[in-house]
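Residue strings, one per chain:
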Number of protein chains: 2
Amino acid sequence: MSVEIVEVGPRDGLQNHPATLPTEQKAELVRRAVVAGSRRVEVTSFVNPAKVPKLADADELMAIVRDEPDLVPIGLAMNERGLNRAIAARVAEVNFVVIVSDTFCRRNQGMSSAEAVAEVLRLLPMARDHGLGTSVTIGATFGCPFEGEIPLERVLRVVDNLEPAAPDEVALADTIGVAVPSQVQRAFAAVRERTSANLRGHFHNTRNLGLANVLAAVGAGARAIDASVGGIGGCPFAPAATGNVATEDVVYALERSGISTGVSQDAAIDNARWLSGVFGTQLPGMLSRSGGFP
Amino acid sequence: MSVEIVEVGPRDGLQNHPATLPTEQKAELVRRAVVAGSRRVEVTSFVNPAKVPKLADADELMAIVRDEPDLVPIGLAMNERGLNRAIAARVAEVNFVVIVSDTFCRRNQGMSSAEAVAEVLRLLPMARDHGLGTSVTIGATFGCPFEGEIPLERVLRVVDNLEPAAPDEVALADTIGVAVPSQVQRAFAAVRERTSANLRGHFHNTRNLGLANVLAAVGAGARAIDASVGGIGGCPFAPAATGNVATEDVVYALERSGISTGVSQDAAIDNARWLSGVFGTQLPGMLSRSGGFP
């Protein structure tokens, strides 16, 4: 059995990390992830630079890394302008976002959840026409910082409503880090019944359950897992939320469970140590401190 | 469904934490754990004070807390002298330790694994004759810092060899924090077939899998879980090993999974914040930073 690790450090990680990296170091982060074994890397997001200054170098960064061998660069887009920039920048895949709760969706992307679905239905075929891979991340699947509990039915309705666009991949995201494995298992099992898209899991370690949720998602059919080097990241709308699950920790958890990832644990640990050195701070991932086993 | 959280912060936590607490503050830690809802508390260990100076106040601490209402004080003992001290100090339960690997067992308690089993077979009936509850913690069940992988068969042999003493409880301990949930599930399921003792799980969060392993153990029949306030602790023979799973994090993971613990999440978080204030440092547990949900 194998599961793909999608490296999201350059985008989700850096966007929400306190420190900022210069573009050339972001490019090195991307290259290092590929060398370690991740092919799919969420390189950047094509959003309003005034709103997300940390990703204002999206086009420039893509120009540097675009022809990196073995890299499948992913760009995030939330509207047509973003999609057009992503296409021009020659991403291989575009990732759209729909947040299940309206309050959170409005704060994140200025539209209701239903409007975000409608936007994906309109834009995704355009992306496909340009030969791009397509995925949709469903945010706040397991809980919302503004609306609290999110019934699974609401998530399933979003999945159903996205079906006409037939995305290649659908991700269930625990944006604020509140899920427990039983909830993850139920959600992935139910979504799997509704769509033929590949499933991806996106987890934050806010309440120390990140890896437990990764393993539950994989057990219930997720074929890809988002992770960030060193576990960098956060969530702008949930200040206490800590980073994505750390790439090197996910590699340990999966490989020691007999699930191959294609990512070298030593190289992933080395990347986390490098990034920790660049920032001059300890990062949340644990394997760079503990080392592997045996 | 319900699972008991055994608070091990005062012993396993403090023994291996860099900072030291005065006896009166240890007593407050014990009292706070009981107020939060843990009845069974590993108060101290009756070992050679020259070897473990941090626990040199074992008798004094027990004298302070012994008559605390609702407290079931547990004392650790590794030889007859320790057991006699524990009895004199009026613990309600004694916890013995056997480490599966000989190298680790010799370094921890100066005897081979087989010798440690023999010692338990000799001492446990004495403890029972004094009306004490009895448990045996099987250390390095999931891996050893000196011998590497530990085949499950070796663990099962220890369990079988302990059976004549009929301990009330057997704990499988991931002393150095290397286990993954599938391994935990297998071990608990196999041990459950071999003994009528209650099962307890003991996990460190060294590789970020502590809560995943707790949930796996509970799913496979563990009726009690060791945890420490704030996640304090470590392992003297595995320098990179971080603390026990944090009490407040375990409460969140179990309660949100529909498993009751009898421990108040708010009180557990409050205890972790208090201890963090006492030490003047951030502790590894996450819930004291994130808060609960919803």
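Since we're looking at a predicted model, the values are computed, not measured. (Residues numbered from 1 in each chain as written. Chains lettered and ligands numbered in written order. Predicted model: local features only at pLDDT ≥ 70, side-chain atom pairs only at ≥ 80, totals over all residues. Heavy atoms only, no water.)

Asker: Looking at this model, I keep getting lost on the overall build of chain A. Mind explaining?
Answerer: The number of helices and strands found in chain A is twelve helices and eight strands. Against the compact-globule benchmark of 19 Å for 294 residues, chain A has a radius of gyration of 17 Å, which places it among compact chains. By its C-alpha atoms, chain A is 45 × 40 × 35 Å across when sized along the principal axes. Residue pairs at least 24 apart in sequence account for 72% of intrachain contacts in chain A once pairs closer than 6 positions are excluded. (Helix = DSSP H or I, 4+ residues; strand = E, 2+ residues; numbered from the N terminus. Rg over C-alpha atoms; globule rule 2.2 N^0.38 Å. Contact = heavy atoms within 4.5 Å.)

Asker: Please clarify how helix α7 (residues 152-162) of chain A should be interpreted in this entry.
Answerer: Helical geometry: 3.6 residues make up each α-helical turn, so side chains three or four residues apart lie on a common side. Residue and element names in this part refer to chain A. Of all the residues in α7, the buried ones are Val155, Leu156, Val158, Val159 and Leu162. The arc enclosing the buried residues of α7, seen along the axis, measures out at 155°, which places them on a common side. Of the surrounding elements, those touching the buried residues of α7 are β4 (93-99), α6 (113-129), β5 (133-139), β6 (169-174) and α8 (181-194). (Buried < 20%, exposed > 50% of the residue type's maximum accessible area, 1.4 Å probe, protein only. Arc of directions from axis to C-beta.)

Asker: What should I look at first to understand the packing of helix α8 (residues 181-194) of chain B against helix α9 (residues 210-219) of chain B in this one?
Answerer: For any two helices packed against each other, one specifies the inter-axial angle together with the distance between the axes. Residue and element names in this part refer to chain B. Two numbers describe how α8 lies on α9: the axes approach to 8 Å, and their chain directions differ by 30°. With respect to each other, α8 and α9 are oriented roughly parallel. The way α8 lies across α9 gives a crossing that is right-handed. Of α9, the residues touching α8 (which contributes Pro181, Val184, Gln185 and Phe188) are Ala212, Asn213, Ala216 and Ala217. (Axes fitted to C-alpha atoms, helices over the stretch in contact; angles between N-to-C directions. Parallel < 35°, antiparallel > 145°, perpendicular 65-115°, else oblique. Left-handed = near helix turned anticlockwise from the far one by under 90°.)

Asker: Help me out: how do you make sense of the nonpolar core in this one?
Answerer: As a rule of thumb, soluble globular proteins bury nonpolar side chains together. Among the nonpolar cores identified, the biggest contains 188 residues, and Phe96 and Phe188 of chain A together with Phe188 of chain B are the most heavily contacted of them. Those residues in contact with phenylalanine 188 of chain A, other than ones at most four positions away along the chain, are Phe142, Leu172, Leu199, Arg200, Gly201, Phe203, Ala217, Ala220 and Ala222 of chain A. (Core = buried A, V, L, I, M, F, W, Y, C linked by side-chain atoms within 4.5 Å.)

Asker: What's the story with the relation of the copies chain A and chain B in this structure? I'm lost.
Answerer: Between the two copies of the chain lies a relationship made up of a rotation around an axis and a movement along it. Mapping chain A onto chain B calls for a rotation angle of 180° and an axial translation of 0.0 Å; the resulting RMSD is 0.0 Å. Here the two chains are linked by the operation of a two-fold rotation axis. Judged by C-alpha distance, alanine 212 of chain A is the residue of chain A that lies nearest the rotation axis, at 2.1 Å. Of the interface residues in chain A, 100% have counterparts in chain B that sit at the interface too, so the contact is made through matching surfaces. (Least-squares fit on C-alpha atoms with pLDDT ≥ 70 in both.)

Asker: Please clarify how the pairing of strand β3 (residues 72-76) of chain B should be interpreted in this entry.
Answerer: Residues and elements named next belong to chain B. Within β3, four of the five residues are buried, which leaves it mostly tucked inside the rest of the structure. The sheet contact formed by strand β2 (residues 40-45) and β3 spans five bridges and is parallel. Looking at β3, one finds that serine 45 is bridged to leucine 76. When β3 meets strand β4 (residues 93-99), the two strands line up parallel, connected through three bridges. Along β4, the bridge assignment pairs leucine 76 with asparagine 95. In this region the chain leaves β3, passes through helix α4 (residues 80-88) and returns to the parallel neighbour β4; the handedness of that crossover is right-handed. (Pairing = 2+ DSSP bridges. Right-handed = clockwise from strand over helix to strand, strands pointing away.)

Asker: Looking at this structure, I do not really get the pattern of salt bridges. What am I missing?
Answerer: Between side chains of opposite charge, pairing is possible as soon as their charged atoms come close. Residue and element names in this part refer to chain A. In total, this model carries 42 salt bridges over all chains according to the counting rule given. Close ionic contact of glutamate 93 with arginine 40 constitutes a salt bridge, the shortest N to O distance being 2.8 Å. Residue glutamate 93 is located in strand β4, and its partner arginine 40 is located in strand β2 (residues 40-45); the two are separated by 53 residues in the primary sequence. Both residues of the pair, glutamate 93 and arginine 40, belong to the buried class. In this structure, arginine 200 and glutamate 169 form a salt bridge, with 2.6 Å as the shortest nitrogen-oxygen distance. Residue arginine 200 is found in strand β7 (residues 198-203), and its partner glutamate 169 is found in strand β6; the two are separated by 31 residues along the sequence. With a relative accessible area of 3%, arginine 200 lands in the buried category. Each of the salt bridges in this network shares a partner with another, and the network as a whole consists of Glu4, Arg40, Glu93, Glu169, Arg200 and Asp226. (Salt bridge = Lys/Arg side-chain N within 4 Å of Asp/Glu carboxyl O.)

Asker: Honestly, unusual backbone geometry in this entry has me stumped. Any pointers?
Answerer: Both trends apply: most residues other than glycine have a negative phi, and most peptide bonds are in trans. All names here are of chain A. The residue after phenylalanine 293, namely proline 294, is reached through a cis peptide bond having omega 0°. In this fold, proline 294 is placed in the segment after α12 (287-290). Even without being a glycine, alanine 166 presents a positive backbone phi close to 45°. Within the secondary structure, alanine 166 is located in the loop between α7 and β6. Residue alanine 166 is classed as partly exposed on the basis of its relative accessible area, which comes to 40%.

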